[in-house]
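# Structural characterization, general
In case you want the letters, here they are:
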Amino acid sequence: LAGQGYAQDQKPSPNQQYDERPADLNLSHQGWNYEKRVVDIPMRDGVKLHTVILIPNGAKDAPILLTRTPYNAEGMTGGAGSSANLAEVLQHSDGPADVILKGGYIRVIQDVRGKYGSEGIYMMNPPPHGTDLNPTDTDDSTDTYDTIDWLVKNVPESNKKVGILGISYDGYLSLTATIDPHPALKVAVPMNPMVDGWRGDDWFHNGALRETNMTYIWEQEATKANSNPWFSTTYDDYDYYKRAGSAGAAAAQHNLDQIGFWKKISSHPAYDKFWQDQAMDRVLAKHPLKVPIMLVHGQWDQEDIYGAPAVWKALKPKDTDNDMLYMTMGPWYHGQEVRDGSALGNIDWDQDTAKWWRWHVLAPFLSHYLKGTPMDVAPVTVFRSGTNEWQELQDWPVAKANDPLYLKPGGGLGFDKAAGPMQTADYVSDPDHPVTYRPRPIPPVYASGSTWHQWLTDDQRFAESRPDVLTFTTDVLTKPVTIAGQPVVHLNASTSGTDSDWVVKLIDVYPDQVPAKPEMGGYEFPVAMDIFRGRYRESLSDPKSITPDKPLEYTFDLPNSDHVFLPGHRIMVQVQSSWFPLYDRNPQKYVKNIFYAKPEDFQKATQKVTVSGPNASYIDLPVVAN
Ligand code: PG9
């Protein structure tokens, strides 16, 4: 345990002999209940990856739980002067601390190439090696292989069985480990994995750019150790992005043009080969399923709501014996499964859902594959909101979306279509007064004190009261309506412009009065919502301008949901054409690349949504019998 002294961070000086700091710091720790080893593990190309290994005292034949991360292995293990108590240290490690501690696992956290203590170059979510997108000889799959190879040969306290887990970027890294896996890799638990940055994870949703993520791209790539934080010149992100104009202009103000990943993202606005060839569900589908995987998904994941169910869909056909692929869908924000899961924003689940999952699903699952203990974990474990209960299922989705819920004239909504000739519900979408995704002020998403993590459960009444948001509501339900699957939007609409965004929200409206919790009276709780950029109506990879004033069908999926609309509640659908500043504004005039739309390109548009006649708009709901 040596080597953390000054020698690491400065060149020898002629006055070295007078330096009071030890050149080679002895870090032996008396009285600690674990041993911390810090090693730089060589990869096949000689690049060394900085790795922290935490071994509980007395460990023998213990499995290893590995997390690979761009978020600072030393920081996630308490830093150099970390606590003597492993329980305390694991709290920082962005993992299921209780399960790791009680399971007696050896915990390993490693910096990926090019970040924090690791050598090498950095690419954001590096695509598979040896391809146009990553012509180098390595990627996170090879680096995981080499790391596991080293660990099983050099950590004598281990039983030579390794599991990999991680949240988000680290969840993506857990997925990469399963491509040509090391034989010692026995299980993977990708939690809220980033899978497809264009379809619906961090960078875009159906082609609409999540421009507030510029901060992330800046911090991640400007420096090795995220030491140059994003600055904002406004408290409210609305002001920052609105004043800038386009996303490209906002980026230029912040010198983002020099950042490699920004150059790539801004030159690939459509779902072209660049995005398709690195989408992890597509990549994994080309490989055999060799390692048991538990996908972990949050139904209100504000960052990566697309990834885990997409991987499930892509890999399920490969799981012919039904014993390799598992999925959990919990009522969680991004990563909440390792924290307190009693509530999300204003929505209470009547129980700590995350703790239940960790002890009843995760702990036996890991133990089964890493220690050989029996387990009784269902292929799919899903939390049903509304009735607030866990369910154990054989498969997902339970229902395909084929119960149409129609938008109707006069703000009606129902399972019966409005008879009579075509009518429309109209509004004017003005990019100069965009609809916000939550009430202003909206601080930068990662600012301290930001409640960004809970925005997907925000009360939608603030939007309902706007003239440029259409609202459709059913009568008060007399019977429960349960959905378990992925709702599909079929919006029939015209725009007077030549491009347009469409945002559709499926909402559970609480009764007018909720005596047990008065502040929830009339609450408009979003169950599933998403955005679609109109230019991709015919093809995600080949955008086209929209014919003005022509009713056209826009079809897109909403996020997966398992929810009961209870008697006394109403179902609501809202439709709008901006969701700012999370998503960049569509100028509503077709331009080649929206990143570089000019101020004069932004124009008002009259939107007409068909609500009766043969082409009435609807959401196909995956309704299941109660
Ligand atoms: N959602 C974050 C992220 C993942 C992958 C790429 C970029 C961002 C994260 O939480 O790690």
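What this report covers is the structure whose coordinates are included nearby. Not measured: the values here are computed from a predicted model. (Residues numbered from 1 in each chain as written. Predicted model: local features only at pLDDT ≥ 70, side-chain atom pairs only at ≥ 80, totals over all residues. Heavy atoms only, no water.)

Inspection of the region around the ligand gives Tyr-71, Asn-125, Ser-168, Tyr-169, Met-194, Asp-202, Trp-203, Tyr-216, Glu-303, Asp-304 and His-334 as its neighbouring residues. Within the side chain of Ser-168, a nitrogen or oxygen atom sits 2.6 Å from an oxygen atom of the ligand. Note that an oxygen atom of the ligand is positioned 3.2 Å from one of the backbone N or O atoms of Tyr-169. When the ligand sits alone it has 300 Å² of accessible area, and the protein chains cover 94% of it. Taking a 2 Å distance to the grid points as the criterion, the majority of the atoms of the ligand fall inside the largest pocket. In terms of residue class, the shell around the ligand is built from five nonpolar, three polar and three charged. (Near = heavy atom within 4 Å. Polar contact = N/O pair within 3.5 Å; in protein donor to acceptor, adjacent residues only side chain to side chain. Areas by Shrake-Rupley, 256 points an atom, 1.4 Å probe, with all protein chains shown as cover. 1 Å grid on protein atoms, 1.4 Å probe; cavity = no way out; pocket = protein on both sides within 12 Å on 5 of 7 lines; lining within 4 Å. Sits in = over half its atoms within 2 Å of the grid points. Nonpolar A, V, L, I, M, F, W, Y, C, P; charged D, E, K, R; others polar.)

Our next topic: the sheet that holds strand S24 (residues 561–565). Within a beta sheet, neighbouring strands are joined by backbone hydrogen bonds and run either parallel or antiparallel to one another. Spatially, S24-S19-S28 is the arrangement adopted by the three strands of the open sheet, whose pairing is antiparallel. Since the sheet does not close on itself, it has two edges, and those belong to S24 and strand S28 (623–624), each with one partner. One ladder, built from two bridges, connects strand S19 (residues 481–485) with S28; its direction is antiparallel. Residue Thr-482 lies in a different strand from S28, and its bridge partner there is Val-624. (Pairing = 2+ DSSP bridges. Helix = DSSP H or I, 4+ residues; strand = E, 2+ residues; numbered from the N terminus.)

For the rest of this paragraph, the subject is the packing of aromatic side chains. One pass over the full model with this rule turns up 38 aromatic pairs. A ring pair is formed by Phe-204 and Trp-275, whose centres lie 5.7 Å apart and whose planes are at 80°; its orientation type is edge-to-face. Taken together, the residues Phe-204 in strand S7 (residues 204–205) and Trp-275 in helix H10 (residues 273–276) connect sequence positions 71 residues apart. Each member of the pair, Phe-204 as well as Trp-275, carries the same accessibility label: buried. Judged by centre distance (5.4 Å) and plane angle (25°), the rings of Trp-300 and Phe-525 are stacked. Pair noted here: Trp-300 is in the loop between strand S9 (293–298) and helix H12 (307–315) and Phe-525 is in strand S22 (residues 524–533), with a separation of 225 residues, a long-range link. A relative accessible area of 1% places Phe-525 in the buried class. Geometry around Trp-359 places Lys-102 over its ring, the cationic atom sitting 5.4 Å from the centre. Cation over ring: Arg-585 sits above Phe-580, and NZ or CZ is 5.5 Å from the ring centre. (Phe/Tyr/Trp six-rings, centres within 6.5 Å; stacked < 30°, edge-to-face > 60°. Buried < 20%, exposed > 50% of the residue type's maximum accessible area, 1.4 Å probe, protein only. Lys NZ or Arg CZ within 6 Å of the ring centre and 35° of its normal.)

Time to look at the environment of Ser-246. Assignment of secondary structure puts Ser-246 in the loop between helix H7 (237–244) and helix H8 (247–253). On the accessibility criterion, Ser-246 (7% relative accessible area) is buried. Separated by 126 residues in sequence, Ser-246 and Gly-372 have C-alpha atoms that sit 55 Å apart. Sequence-distant contacts of Ser-246, defined by excluding residues within four places in its chain, comprise Ile-594, Phe-595, Tyr-596 and Ala-597. (Contact = heavy atoms within 4.5 Å.)

Across the two faces of strand S23 (residues 552–557) the burial differs, with Leu-552, Tyr-554 and Phe-556 buried and Glu-553, Thr-555 and Asp-557 not buried at all. Two elements, strand S20 (residues 488–495) and S23, share six bridges in a ladder whose sense is antiparallel. Each residue of the ladder has a partner; that of Leu-491, found in S23, is Tyr-554.

Here we come to the layout of surface pockets. The volume enclosed by the largest pocket comes to roughly 720 Å³. Lining of the largest pocket is provided by 29 residues; of these, Tyr-71, Tyr-216, Glu-303, His-334 and Tyr-446 occupy positions nearest its centre. Here the lining of the largest pocket takes four residues from helix H6 (residues 214–222), the largest share from any one element. Taken together, the residues that form the lining of the largest pocket break down as 13 nonpolar, eleven polar and five charged. Lining of the second largest pocket is provided by 26 residues; of these, Lys-313, Gln-486, Asp-557, Leu-558 and Asn-560 occupy positions nearest its centre. Among the elements of the structure, H12, S22 and S23 are those that each provide at least two residues to the lining of the second largest pocket. Top element by residues in the lining of the second largest pocket is H12. It accounts for four residues. Along the lines of polarity and charge, the residues of the lining of the second largest pocket split into 15 nonpolar, five polar and six charged. (Points joined across faces, edges and corners; volume = space filled by probe spheres on them.)

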